[in-house]
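A look at the structure
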Amino acid sequence: GNSVTQMEGPVTLSEEAFLTINCTYTATGYPSLFWYVQYPGEGLQLLLKATKADDKGSNKGFEATYRKETTSFHLEKGSVQVSDSAVYFCGRSGGSNYKLTFGKGTLLTVNP
Amino acid sequence: DAGITQSPRHKVTETGTPVTLRCHQTENHRYMYWYRQDPGHGLRLIHYSYGVKDTDKGEVSDGYSVSRSKTEDFLLTLESATSSQTSVYFCAISDMDLNEQFFGPGTRLTVL
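Residues numbered from 1 in each chain as written. Chains lettered and ligands numbered in written order. Predicted model: local features only at pLDDT ≥ 70, side-chain atom pairs only at ≥ 80, totals over all residues. Heavy atoms only, no water.

**Observations regarding the state of the cysteines**
Just so we agree on the cut-off: We call a pair of cysteine sulfur atoms a disulfide whenever their separation is within 2.5 Å. Put simply, DSSP marks the helices as runs of H or I at least four residues long and the strands as runs of E at least two long, and each gets a number from the N terminus on. Classification of residues uses two cut-offs on accessible area relative to the type maximum, computed with a 1.4 Å probe and protein chains only: under 20% is buried, over 50% is exposed, and between them is partly exposed.
This structure, assessed with the given rule, holds 2 disulfides over all chains. Across the disulfide, C23(A) is cross-linked to C90(A) (sulfur-sulfur distance 1.9 Å). Here the disulfide of C23(A) and C90(A) is left-handed, its torsion about the S-S bond being about -70°. On the criterion of sequence distance, the pair formed by C23(A) in strand 4 (residues 23-25) and C90(A) in strand 10 (residues 86-92) is long-range, its members being 67 residues apart. When its relative accessible area of 1% is taken as the criterion, C90(A) is described as buried. Each disulfide pairs two cysteine sulfurs, and for C23(B) the partner residue is C91(B), the sulfurs being separated by 1.9 Å. The S-S bond linking C23(B) to C91(B) shows a torsion near -70°; that makes this disulfide left-handed. Within this pair, whereas C23(B) is found in strand 3 (residues 19-25), its partner C91(B) is found in strand 9 (residues 87-94), the two being separated by 68 residues in sequence. Each member of the pair C23(B) and C91(B) is classed as buried.

This is the structure in structure tokens:
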């Protein structure tokens, strides 16, 4: 079946550090891939997405590239800020009725 | 922001009592989903709906039922709440022309 595996963390970084959160997915079908972000006390918000191989999604300085050969969709940011502290979820589509499958989430804490 | 509201936002109840959570959308999206979020498990799908009166089970549906009598409302019912159902519940919506889900703000349920 469909599954997503992401780095569980927690991840703690200093402000302006480089961020990578790894995500891999099962290769069944032709999924779209997503990164969602959840700030404390809130619901999930779509951060970025990619719908086909070699697409790069980007938003707010975050990037992720859809790599079919490695079944990966790693999230990166060149210089994190304290305001980026949140939980990040990787997800893939491809299930019936437009269901999404999510990873377990990665807690990122950025210290000043 | 997508127009999704959840009510109540917080609820404390006792074991054995019935509980109903409501999700309301103003986007006229066809698909609606209920998830629960627990530490170490990420987001897990409880039930979903692919149209009025059309619903199906997700991966953790035991102990839950749903109803959708009109496009804008999706109700989640715990017939007899148990402590294991203490969680944060999120509703999400999707449209078949989009490839992403939009999430509500969540309901924190505590079963004593």
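Read on for the rest.
**Quick word on the interface of chain A and chain B**
Stated formally: Should any heavy atoms of two residues lie within 4.5 Å, those residues are considered in contact. Salt bridge, as used here, is a side-chain nitrogen of Lys or Arg placed within 4 Å of a carboxyl oxygen of Asp or Glu. Pairing of N or O atoms within 3.5 Å defines a polar contact, subject to two protein rules: one partner must be a possible hydrogen donor and the other a possible acceptor, and residues neighboring in sequence count only if both atoms are side-chain atoms. Here the nonpolar group is Ala, Val, Leu, Ile, Met, Phe, Trp, Tyr, Cys and Pro; Asp, Glu, Lys and Arg are the charged ones; every other residue, Gly included, is treated as polar.
Contact residues are listed per partner, giving 20 residues for chain A and 22 residues for chain B. K49(A) is paired through a salt bridge with E100(B); the nearest N and O atoms lie 2.6 Å apart. Here chain A and chain B share 3 residue pairs in polar contact (both at pLDDT 80 or more) between them. Those elements that place two or more of their residues in the side of chain A that touches chain B are strand 5 (33-38) and strand 6 (44-50) of chain A. Class assignment for the residues of the side of chain A that touches chain B results in 8 nonpolar, 8 polar and 4 charged.

**Concerning unusual backbone geometry**
For the bond running from G9(A) to P10(A), omega is 5°, close enough to zero to count as cis. Tracing the chain through its elements places P10(A) in the loop between strand 1 (4-6) and strand 2 (11-14). Here the residue pair S7(B) and P8(B) is connected by a cis peptide bond, since its omega of -10° sits within 30 degrees of zero. With respect to the element layout, P8(B) can be found in the loop between strand 1 (4-7) and strand 2 (10-13). Phi angles above zero are rare outside glycine, and E16(A) is one such case at about 80°. Assignment of secondary structure puts E16(A) in the loop between strand 2 and strand 3 (19-21). Of the residues examined, E16(A) reaches a relative accessible area of 61% and is grouped as exposed. Notably, N28(B) is not glycine yet its phi reads approximately 60°, a positive angle.

**Quick word on the pattern of salt bridges**
Residues and elements named next belong to chain B. Under the defined criterion, the tally for this structure stands at 8 salt bridges over all chains. Residue R22 is joined to D73 by a salt bridge in which the shortest nitrogen-to-oxygen separation is 3.1 Å. Pair noted here: R22 is in strand 3 and D73 is in strand 8 (residues 73-78), with a separation of 51 residues, a long-range link. With relative accessibility at 8%, the residue D73 sits in the buried group. Salt bridges here are not isolated pairs; linked through shared partners, they connect R22, K70 and D73.

**Notes on the environment of T26(B)**
Within the secondary structure, T26(B) sits in the loop between strand 3 and strand 4 (31-38). Along the backbone, T26(B) and P8(B) are 18 residues apart, and their C-alpha atoms lie at a distance of 17 Å.

**Let's talk about the pairing of strand 9 of chain B**
All names here are of chain B. Defined as follows: Strand pairing follows a simple DSSP-based rule, namely that at least 2 bridges must link the two strands.
For strand 9, a buried count of 8 out of 8 residues is recorded, marking the element as mostly surrounded by other parts of the structure. Along strand 9, one buried face is formed by S87, Y89, C91 and I93 and the opposite face, lined by V88, F90, A92 and S94, is buried too. In the sheet, strand 4 pairs with strand 9 via 7 bridges, with the strands oriented antiparallel. Across the sheet, the residue bridging to W34 is C91, located in strand 9. By the bridge criterion, 3 bridges tie strand 9 to strand 11 (residues 107-111) in an arrangement that is antiparallel. Within strand 11, the position partnered with S87 by the bridge is L109.

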